[in-house]
Amino acid sequence: MDLLFHGATGDTTGSCHLLRANGCEVLFDCGLYQGRRSETYARNAHFGFAAARIDAVVQSHAHVDHCGKLPMLVRGGFGGRIHATHGTRDLAEILLHDSANIQVKDAEHLNRERWRARSYAERRRDAARNCPPTYPAALARSTIPEAEVTPLYVDEDVDATLPLFDSHVYREWFDVARGVRARFHDAGHILGSAWIEAEITEGAKVTRLVFTGDYGRPGQPILRDPEPLAEADIFISESTYGARSHPPFVDMERQLGDAVERLARRGRGRLLVPVFAVGRAQNILYTLSHIFEQRAIGDVHVAVDSPLASRATEIVLKYPEYFDEEALSEFHRLQLRSRLKERLTFTESVDDSKALNRDPRPMVVLSASGMMESGRIVHHLAWHISSEDTEILVVGYQAANTLGRRLVEKAREVNILGHAFQVRAKVTTMNGFSAHADREGLLAALTPHAKRAKALFLVHGENDQRMPLARNLVERGFARVETPEDARRFEF
Ligand SMILES: [Zn+2]
């Protein structure tokens with residue numbers, strides 16, 4: 001058997017790992033690379049393997065950087081089964097449709113850029129006939145594609161992908177390909193998330209493999225704690241926060257509660273919370289419901305202004321069997337009455353979203369996108385960022401070159417939708433809501449396997465995180481720790 005890594009090698013997106021055994025090819029995850037718009041198209045346009053030759057996919061969870069290329073795989077001729085938990089399948093449906101819309105918009109954007117680059121070059125050529133044309137050189141320097149861009153996939157490709165899903169419960173073995181079987185265990189990262197245990201039989205040789213997917217952290221709201229990893233010969237582990245420690249969740253609840261109280265005391269304005277629609281949005285809502293139960297907070301309204309987050313919340317509520325005990329008892333209690341429910345609205349239409357901006361009541365607004373680069377949050381920011389009655393709560397990772405990062409870095413003036421805005425809003429950063437294990441969590445999960453594991457591969461982490469983790473794991477007794485580059489092949 002051999003393993004090849006086709007993404008999330010030295011960064012945290014595009015998770016895609018290929019197992020070849022008994023003449024079969026199995027993918028663990030099939031994720032989109034996410035980053036700058038112009039770069040992502042080029043990096044996502046191809047696979048490093050033949051899509052039609054893949055026999056099956058085993059899917060760790062529904063985040064788009066782990067499942068977002070499935071429709072392209074199907075477009076490329078894949079017709080096998082996609083194995084996932086029930087929760088992952090349901091979330092993948094809404095996330096892949098949302099992603100198809102983004103692909104269409106991104107292709108339009110790139111074609112506009114192409115048109116601009118071409119017309120600029122043609123004007124230059126007309127103005128100075130003897131000068132060499134600048135168009136190809138300009139294109140060569142930039143990441144703008146030369147040919148007309150078509151979306152990576154559209155809704156119809158998603159429709160063709162969904163029937164290929166085979167849904168499974170946790171801990172039940174299923175056959176994947178000849179000599180390969182697998183089962184899911186709760187990874188405690190988002191609803192339905194799993195770490196994967198696989199058993200590969202080649203003749204008399206049996207190899208056990210564990211892929212962590214995105215490994216969660218204990219004590220996260222709603223979800224059960226991640227299950228301890230099984231024994232295996234080969235581990236493929238994420239390393240997102242391989243060199244960082246998270247503050248505890250209790251601190252987050254206190255800080256969020258304080259921010260809501262500040263809003264209630266002001267009696268006007270906004271607490272804007274940019275969120276990722278799946279996972280973070282539900283965690284914040286759950287934490288808010290706790291806060292409203294435990295603190296006497298005056299007239300504050302809560303709006304979830306993200307149709308995707310609303311649909312994801314519905315799916316989370318559909319699966320109480322995935323909840324931890326605390327959330328389960330809370331869930332049954334909240335069915336009857338909740339102080340959050342009385343204050344909460346989910347807005348669907350664009351008109352309802354706009355109407356929120358004219359609502360004079362003090363309001364907590366949860367809206368996507370999490371890094372403030374797109375989505376409805378941008379309009380809320382444009383309306384409120386220059387008001388001293390606004391507080392912006394940054395609860396997720398903010399990548400370089402995003403509006404979110406500029407706010408975290410305390411920019412006094414920012415550009416939103418082509419206009420300059422003074423930042424008078426208070427910006428509060430809370431780093432503790434992460435749904436990934438931190439350095440201590442990863443070491444605690446992996447170290448018990450140090451003596452027996454033959455090899456451990458670190459993926460899904462930038463090198464400043466995975467390299468220190470690799471050193472730590474060698475110190476803990478792992479004989480072989482690899483930090484693979486793209487398309488690298490390992491034989492066993
Ligand atoms: Zn994830």
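Along each chain, residue indices are assigned from 1 in the same order as the chain's sequence is written. Owing to the predicted nature of the model, reporting of local features is limited to residues with pLDDT of at least 70; listing and counting of side-chain atom pairs is limited to 80 or more, with chain, interface and lining totals taken over all residues. Each side-chain value is derived from all of the structure's non-hydrogen atoms; neither hydrogens nor water enter the calculation.

**Quick notes on the pairing of strand β3 (residues 24-28)**
No. 1: Exposed residues in this analysis have more than 50% of their type's maximum accessible area, buried residues have under 20%, and partly exposed residues fall in between, with area computed by a 1.4 Å probe over protein chains only. By the criteria applied, helices consist of DSSP H or I runs no shorter than four residues and strands consist of E runs no shorter than two, each listed in order from the N terminus. Of all five residues in β3, five are buried; the element is thus mostly enclosed.
No. 2: Alternating residues of β3 divide into Cys24, Val26 and Phe28 and Glu25 and Leu27, and every residue in both groups is buried.
No. 3: Pairing between strand β2 (residues 17-21) and β3: five bridges, direction antiparallel. From the neighbouring strand, Arg20 faces β3, where its bridge partner is Glu25.
No. 4: Pairing between strands is defined by DSSP: at least two bridges between the two strands are required. Taken together, β2 and the strand that follows it, β3, pair antiparallel across an intervening segment of two residues, in which Asn22 is found at a positive phi of about 55°.
No. 5: Note: β3 against strand β4 (residues 56-58), three bridges, orientation parallel. Bridging from a neighbouring strand, Leu27 pairs with Val57 of β4.

**Considering the sheet that holds strand β15 (residues 363-367)**
No. 1: The strand order β14-β13-β15-β12-β16-β19 describes an open sheet built from six strands, whose pairing is parallel. Each having just a single partner strand, β14 (344-346) and β19 (426-429) make up the two edges of the open sheet. Each adjacent strand pair in this sheet contributes to an overall mean axis angle of 20°, direction not counted.
No. 2: Bridge analysis of strand β13 (residues 301-304) against β14 gives three bridges, and the strand direction is parallel. Along β14, the bridge assignment pairs Val302 with Leu344.
No. 3: Residue contacts are defined here by distance: any two heavy atoms, one from each residue, within 4.5 Å place the two residues in contact. Axis geometry follows a simple rule: fit a line to the C-alpha atoms, using only the stretch in contact for helices, then measure angles between N-to-C directions, giving values from 0 to 180 degrees. The sheet strands contacting helix α12 (residues 377-384) are β12 (270-274), β15 and β16 (390-394), and the helix crosses β12 at an angle near 150°.

**Looking at unusual backbone geometry**
No. 1: Each neighbour pair has its own omega, and for Ala368 with Ser369 the value is 10°, a cis peptide bond.
No. 2: Residue placement: Ser369 occurs in the loop between β15 and α12.
No. 3: In this structure, Arg171 is a non-glycine residue whose phi angle is positive, near 75°.
No. 4: Inspection of the secondary structure assignment puts Arg171 in the loop between β6 (165-168) and β7 (174-177).
No. 5: Not every positive phi belongs to a glycine, and Ala487 is a case in point at roughly 65°.
No. 6: With respect to the secondary-structure elements, Ala487 resides in the loop between β21 (481-482) and β22 (489-491).
No. 7: On the basis of relative accessible area, Ala487 is assigned to the partly exposed category, the value being 46%.

**Some remarks on the coordination of the zinc ion**
No. 1: Distances from the zinc ion to its protein donors, His61 (NE2), His63 (ND1), His189 (NE2) and Asp214 (OD), fall at 2.2 to 2.3 Å.
No. 2: One can describe the donor arrangement at the zinc ion as irregular, given that its four donor atoms subtend angles of 92 to 166° at the metal.
No. 3: The class of His189 is buried, set by a relative accessible area of 2%. We call an atom a donor if it is N, O or S and sits within 2.8 Å of the metal, or 3.2 Å for Na, K and Ca. Water is not counted, so some sites may look partial. Donor angles set the geometry label: tetrahedral for four donors if every angle is between 85 and 135 degrees, square planar for four and octahedral for six if opposite donors exceed 155 degrees and the others are between 65 and 115, irregular for anything else.

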